[in-house]
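Residue strings, one per chain:
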Amino acid sequence: QVQLVESGGGLVQPGGSLRLSCAASGIIFSRFAMGWYRQAPGKQRELVATITTGGSTNYADSVKGRFTISRDNAKNTVHLEMNSLKPEDTAVYYCNANSITLMGRTVYWGQGTQVTVSS
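Please read these numbers as outputs of a predicted model, since none were measured by experiment.

Asks: Account for the environment of V115, with residues named and values stated.
Replies: Considering the arrangement of structural elements, one finds V115 in strand 11 (residues 113-117). Taking C-alpha positions, V115 is 7.6 Å from D89, a pair spaced 26 residues apart along the chain. Other than its neighbours up to four places away in sequence, V115 contacts G9, G10, L18, L20, M82, D89, T90, A91 and Y93.

Asks: Which residues make up the state of the cysteines, and what are the values?
Replies: Enumeration over the complete set of coordinates arrives at one disulfide. Covalently, C22 is tied to C95 through a disulfide, its sulfur atoms 2.1 Å apart. Taking the torsion about the S-S bond as the criterion, the C22 to C95 disulfide, at about -80°, is left-handed. Of this pair, C22 sits in strand 3 (residues 18-25) while C95 is found in strand 9 (residues 91-101), placing the two residues 73 residues apart along the sequence. Note on C22: relative accessible area 0%, which makes it buried. Residue classification places C95 among the buried positions, given a relative accessible area of 0%.

Asks: Go over the pattern of salt bridges with me, naming the residues and quoting the values.
Replies: Inspection of every chain in the model, using the stated rule, returns five salt bridges. Where R19 meets E81, a salt bridge forms, and the shortest distance between an N and an O atom there is 3.5 Å. Here the residue R19 occupies a position in strand 3, and E81 occupies one in strand 8 (residues 77-82), the gap between them amounting to 62 residues. Assessed through its relative accessible area of 45%, R19 is described here as partly exposed. Across the salt bridge formed by R38 and D89, the nearest N and O atoms sit 2.9 Å from each other. Of this pair, R38 sits in strand 4 (residues 33-39) while D89 sits in the loop between strand 8 and strand 9, and the two are 51 residues apart along the sequence. Each member of the pair R38 and D89 is classed as buried.

Asks: If you had to explain the sheet that holds strand 3 to someone new, which residues and values would you point to?
Replies: On the basis of which strands lie adjacent, the open sheet formed by four strands has the order 1-3-8-7 and antiparallel pairing. Since the sheet does not close on itself, it has two edges, and those belong to strand 1 (3-7) and strand 7 (67-72), each with one partner. Ignoring strand direction, the axes of neighbouring strands in this sheet form an average angle of 15°.

Asks: Any chance you could break down the pairing of strand 4 for me, citing the residues and the numbers?
Replies: Counting buried positions along strand 4 gives six out of seven residues, so the element sits mostly inside the fold. Sheet analysis places strand 4 next to strand 9, joined by seven bridges and oriented antiparallel. Bridge pairing in strand 9 links Y37 to Y94. Bridging between strand 4 and strand 5 (residues 46-51) involves five bridges; their strand directions are antiparallel. Paired with R38 across the two strands is E46, which belongs to strand 5. Taking the residues that link successive antiparallel strands as the turn, the strand 4-strand 5 hairpin has six residues, and the phi of G42 there is positive, at about 75°.

About the cut-offs
Residues numbered from 1 in each chain as written. Predicted model: local features only at pLDDT ≥ 70, side-chain atom pairs only at ≥ 80, totals over all residues. Heavy atoms only, no water. Helix = DSSP H or I, 4+ residues; strand = E, 2+ residues; numbered from the N terminus. Contact = heavy atoms within 4.5 Å. Disulfide = S-S within 2.5 Å. Buried < 20%, exposed > 50% of the residue type's maximum accessible area, 1.4 Å probe, protein only. Salt bridge = Lys/Arg side-chain N within 4 Å of Asp/Glu carboxyl O. Pairing = 2+ DSSP bridges. Axes fitted to C-alpha atoms, helices over the stretch in contact; angles between N-to-C directions.

Interpretation in functional terms is not warranted from these geometric data alone.
Put into structure tokens, the structure is as follows:
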């Protein structure tokens, strides 16, 4: 059974920091690209950051320079370090794992963790 379990969300003041973690089980973690997406109320889910199996990263323009994605293949975990948080970063953050093989594309999602940036 595949599980992606997010943690680390919460309430933080503007300018503050949070570190999200996503623990994966039931997959060969090193074979999956990992990502963080977010969905604010009334808005579509959007990409925040991704990291490939080789460690290459990609960020949404809105978070470049503030957020850092990293992965630990030994611990089957992906992190999202979020600094200089803004109220517009408020959203449910979802962990994503995806893999493309000759068999096709496989995508998994976590349940999400709430991040609220407010004074």
